Amino acid sequence: MAVCVSVIAKENYPLYIKTIPTENELKFHYTVHTCLDVVEEKVSSVSKSVNDLRELYLGLLYPTEDYKVYGYVTNTKVKFVIVVETSNTLLRDNEIRSMFRKLHNAYTDMLCNPFYTPGETIKSRSFDKLVLQMMVSEVQS
Amino acid sequence: MSAVESFTVPTGVGEFPPELICRPLGFVALTGLDVIYNAVHKAIWESFSANRRPDRVPLSFKILDGDHEYPKCRSKRSSYEWYIPKGITKTGWMNKHLNLIPAVVVVFFDLDWDETQWKEKQMECASRVEVVRHSLQGRGTKVAVVLIQKNSPLPPGEDMVAAERAAALCSACDLSAKSLFVLPHSDHLFGYTIRLENAFYELAQGYYHMEARKVKAHKEFLNKTTHQLLFVRHAFKIAFFNELKQDTNTALKQYKVAYAYVSELRAHDTNMLEIKSISGFINYKICKLSFHHNAPLDAISQFRKHVDFYKNKTGCSELAFEHSAWMCKQFQIFGDLFDEAIRAGLNAIQTQHPGFYYQQAAYHAVNRKHLCRGLCHSATVMPDPNPLEDADKLEYYGQRPWRQGHQSIDPPDPAKEKDGIQALQYKELQVDHSWIIIPLLSSAVAQFKKYKSARMKRYLMVQMGEEYYHAKDYNKALTLLDRVTWDYRVERWCALLTSILNMSLRCAYLVASVRHYVTISLELIGRFAHISSEEKTHVQMNLIRVISNNPPEPVTGCPSEYVELAKQLWKDKLSPENSNIFTVEMQNIVPFVECKARFSTSKCTADTPLQLQVYLRASCQFPIRFSKLCVLLNNHAYNDYCTLVDGHTVGGDGEASYSSCHGDLYLTPGQIKMYAFEFVAEPVDVGKKIEITSIALSLGNEDNCCAILRWVGAGGDSASLTNVQEQVQMKRGPPKPNEYDWSNITLDPSISIIPRCSNLDIQLDHNPPSLMNEFYYAKVIITNNEDLEIQNLCMQIGLKEGQENTLEQSTQVFLDEATIGIPGPSRIKNVELTGNRILGVRTMYDIQVNVTQNKLSMPVICTCYQEKSVSVQTVLPYDLSIKMASLKFDVVEHVHSDEPFLLLTDIKCTSPWPITIENSQLLLSDEVKSVDETLQSQLISVSLKQNECASECYCLVAPVHHQHTTVPIGHYSVQWKRTNCEEEGLPTVETTLALPSITVETIPLFIETKIPSHGRVRDSLHVTYTIYNKTQMVQEVEAGMEPSEAFMFSGHKQVCFRILPVSQQVLMYNFYPLVPGHVKLPRLHINMPRYPGVADDLGGRMLPTHIFIKPQGKELHESASG
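Going by the annotation in an unreviewed UniProt entry, the name recorded for chain A is Trafficking protein particle complex subunit 2-like protein, with Saccoglossus kowalevskii given as the source organism. Checking UniProt for chain A, the heading Sequence similarities (unreviewed entry) contains the comment "Belongs to the TRAPP small subunits family. Sedlin subfamily."

## Some thoughts on the pairing of strand β35 (residues 970-978) of chain B
In terms of strand pairing, strand β30 (residues 915-924) of chain B meets β35 of chain B through 9 bridges, oriented antiparallel. Bridging from a neighbouring strand, S920 of chain B pairs with V974 of chain B of β35 of chain B.

## Description of the sheet that holds strand β7 (residues 593-599) of chain B
All names here are of chain B. The strand order across the open sheet built from 3 strands is β7-β9-β15, with neighbouring strands paired in antiparallel fashion. Whereas interior strands pair on both sides, the edge strands pair on one side only; in this sheet they are β7 and β15 (672-679). With strand direction ignored, the average angle separating the axes of adjacent strands in the sheet is 15 degrees.

## Observations concerning the sheet that holds strand β45 (residues 1077-1080) of chain B
Residue and element names in this part refer to chain B. Ordered by their spatial adjacency, 3 strands build an open sheet running β39-β47-β45, and the pairing between neighbours is mixed. Each edge of the sheet is formed by a strand with only one pairing partner; in this case those strands are β39 (1014-1016) and β45. Ignoring which end each strand starts from, the neighbouring axes of this sheet average 40 degrees apart. Of the strand pairs in this sheet, β39 and strand β47 (residues 1106-1110) are connected by 3 bridges, and their pairing is parallel. Each bridged residue has a counterpart across the sheet, and for R1016 the counterpart in β47 is K1110.

## Description of the confidence of the model for chain A
Low pLDDT marks regions whose predicted coordinates should not be analysed in detail. The share of residues in chain A with pLDDT of 70 or more is 90%, and the mean pLDDT across the chain is 84. Ranking the elements of chain A by mean pLDDT puts helix α3 (residues 125-140) of chain A last, at 78, and helix α2 (residues 93-111) of chain A first, at 92.

## Section: the interface of chain A and chain B
Taken together, the 17 residues of chain A in the interface contact 17 residues of chain B. At the level of secondary structure, the elements contributing two or more residues to the side of chain A that touches chain B comprise α1 (25-49) and β3 (57-63) of chain A. At 9 residues, α1 of chain A tops the list of elements feeding residues into the side of chain A that touches chain B. Here the residues of the side of chain A that touches chain B are counted per class, giving 8 nonpolar, 6 polar and 3 charged.

## Topic: the nonpolar core
Formed by 210 residues in total, the largest nonpolar core has its most connected members in V28 and V106 of chain B. Here V106 of chain B is in contact with V28, A29, L30, T31, A144, V146 and F200 of chain B, once residues within four sequence places are set aside. Within the second largest apolar cluster, 38 residues are counted, among which are A2, V3, F28 and V84 of chain A.

Criteria and cut-off values
- Residues numbered from 1 in each chain as written.
- Chains lettered and ligands numbered in written order.
- Predicted model: local features only at pLDDT ≥ 70, side-chain atom pairs only at ≥ 80, totals over all residues.
- UniProt positions renumbered as here; feature names shortened; annotations may be inferred.
- Pairing = 2+ DSSP bridges.
- Helix = DSSP H or I, 4+ residues; strand = E, 2+ residues; numbered from the N terminus.
- Axes fitted to C-alpha atoms, helices over the stretch in contact; angles between N-to-C directions.
- pLDDT = per-residue confidence, 0-100.
- Contact = placed C-beta atoms within 7 Å.
- Nonpolar A, V, L, I, M, F, W, Y, C, P; charged D, E, K, R; others polar.
- Core = buried A, V, L, I, M, F, W, Y, C linked by C-beta atoms within 7 Å.
- Buried ≥ 20, exposed ≤ 12 C-beta atoms within 10 Å, placed from the backbone.

Here it is as structure tokens:
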């Protein structure tokens, strides 16, 4: 039931942003962009204390009125951000975690494509499919 | 806190009355003080009221007249059975208890204990108290009397009169002894005031406690069905009294109770505003007290609960904007509370700070604006009569002015209700929402900046910019948006950047800012903008219009009423008298044209022209023509060579200042164009770097409207400078011929100018290695291999720079002849140092050469340098060893005084070149003398090859010397030079060496032996031993001759004698050799009883041990006869 799924490059530019209500896409762009503040802060504060074992899942980033924003940072500093509606109480931390894991796997598969240059905008159809599935299938469950 | 005398009910929805926001302080009325005419009274009043610091007791004081009328106390009802409340909380109630009904009334009265007219005064005082009591009838307000006295009081119990009169006064005034105070106006007024204050505070607390209990007592009369509102009201009152009492814990508890009651109230459209208002008030109090109790999490969770509960309780749908206004206010006031708590020492974090609440408040304010637009357009006039007339005279908070006190579900008069709604809508239309939104956003920006959320801050700034746009302040919007675009560009959030640029373009159009309009257009056509190609075409068309001095078409989405205004502005801006020439810095934007410049090589000699290439690529929709391309270099002299003017814009047929500068600056989208420039470096730049400082590309006619696109350095804009992706080659496969691969074009912004290669040949004739201390001879031969004549030749010779300091100090260069042009010899002297040194010869000259530049030949004077260096090793010419020996050539460590010894010098040639020793000299010190009269060198003109040796031997004697046992011998100097030196004039080298010191021993005896150099068998040999006594005493000597098989001898076999001081004894012997050869002499033993063992040893060293004995020769005649 995610309303927005995005992948952000190491340099903080968007690689992929998918939103379900497409009419307000720009707002989600802003939401994802602003949450990078928290991601950066969290990553930098964690890496200072323990540098070997960092939990990739960052948890809830921003408590906004309508949406909950969750973050996940891979070891190569690629960021995943999932936005969920606040009204959706079905999704617990564990579900969000597994969503991120799925997303991470899909991203890794996508990256294995020899025709993809790292850093390019993601245009993979299978990745797209998985993200859409994540955004729709959870609604039914 | 300032007391609010006349108050009005806030008319705005969700507004908080000041008496709610302020900290409630117990109210104490002071009467009987004449602050206008009485200085003492004035001082007392000031000590109470002025400069109340936070450490003073929380009370508010007010001066009232003695006969002040306090609000009348209504008679308390004994039963609530038939009572239907008309609202929750009365608007005047808080103010009444804060400012009108005192907890304590203090009666000040001038009265000393020794007052003569005591009775009269006591009466007067009692009557004053009575007046106050009367006015406060029915209230629990405490009354206190303070006697202002001139004299300081005596300690309690001593002043009997005082005690007696105090008791009398108390009973006359019907006052408890605890409520009577004495205030002597002495120097310690402030101290007394503090004590009085504390006493008043105690009284006030008692009063408020009683009031709270009184309210509580009503509770049992209430029933749940009809008195729900009263439950809220009473809980609120109890809480408020407790707050006045400064019992914040109880107050908080009671506010929470009140909040729970409010939540239980049945809400419908008619009372929704009232419920929300009151719950907002109570929520405010709860949050404030929670923050005060340092429980911020409680405050936050209470606020969350509050907001979540009321979020969807919009109430009347026609007045939905009221709900947004109320939500906005809730968030704003909570943000303020949070911020206040932070200022009081609370720590906030990045994800929980006031900024979020301000942001949310702004969001609700925006919502309110939208709702207002949707709902209020029909409310064009205020209905008559105005239903909102009584809006500031409400009896209960949050009620509608046209139906006050009404509590049923349906409005009493539907027509009136409609009018009321219309009036509210009309009023809402008058509100300028932007000025509510912008300050909220601005507060949020400040907070997010503080909590390291730069991106959120930027987002809010964008929103502010949008709001300014809606508020029609286009200039402000433009500046705000301009400030944030850079970050979005650098982080490559193109979608966001595009939306901001679109907004900015509209602003730029509306204010007719040519510069901004062009800059934004440049970027909107560029590769970062995510807009459709039609839009891009539109933007580019407009850009070309502006550049060719025509007003652009209006940007879509601009408010139509401002478009007309903008059209006029554009006409004025682009009128021919105004010239619009401006520079646009390309590193700040991502323009549609990219530029790269490079020098063809990184180094270049002074006699070849520099090649400079500029590549341009446009990514716009359709071709575009630029007017001029300039490359600016760090030496401005070349700029003229690097200018290209488009042939189509200047005059057409091309009469321009530079013949080569006409070109075609017409760029087709996607194609790369290369422009080459060529020029020759000036002599002053030889050895320096020429750098591209910037590239300027002009768009438009310089006569009226022209944008100069300026790249710093050799090109690259905001995107390519920060973006790794654009540096990576994205193409696969080899590049096609005749086509430039953009990503393969590197930026080479600088070129080093090196001198022209010299054709001069330098030869250095010399014979290494050099010898230490010698004048090393080297010949420099310079041959000119140039085709052309050279001028101003000069030559330098010397040690190369950068060698060891000691080398430089120990090397001197001499020049034999200073004529340049003819090879001249030069000598180098090196002193006392072996090892490598590098000699350098450097020549410099000017030459005029012809250089082809742009197919024209032109003379250029070049300065050329040629250098040659050789490494010369220095070795020692010879090795000199010095030895000391006895006359028997035994090497000795020390010598005896007055006994001759030998000094042996041994020169071993170590130079690979033969050396000739011209002379050697022994320079003796005063302590040593030569045995010979004259010292003659034995080595004059001796030539030595490598490893050959030359020795000298000098016989020296050290006279008796009493002071030193170690004496210096002196110096030895050798004059030498290379044997086969070509140059006769070279001076010889004199090397002087200090000879070692010798140890001189003084001995008691000295034996001189006189013996022929050889003997013959059976031929007597005359030997004399002279024994000298060197001491100052008579010496007893025993001498004995040891028998020998080789000799017979005559003389003393054994003798004992004495030698006087500085005297001698001669022993004479005749030896008769018996065998030939190198024969051992019979040994003379000398023994001195005084120095046992010493003399024999001495003798052993001094006496000769062997002699050569020739065999007896045959007679010549015998052999002849035989």
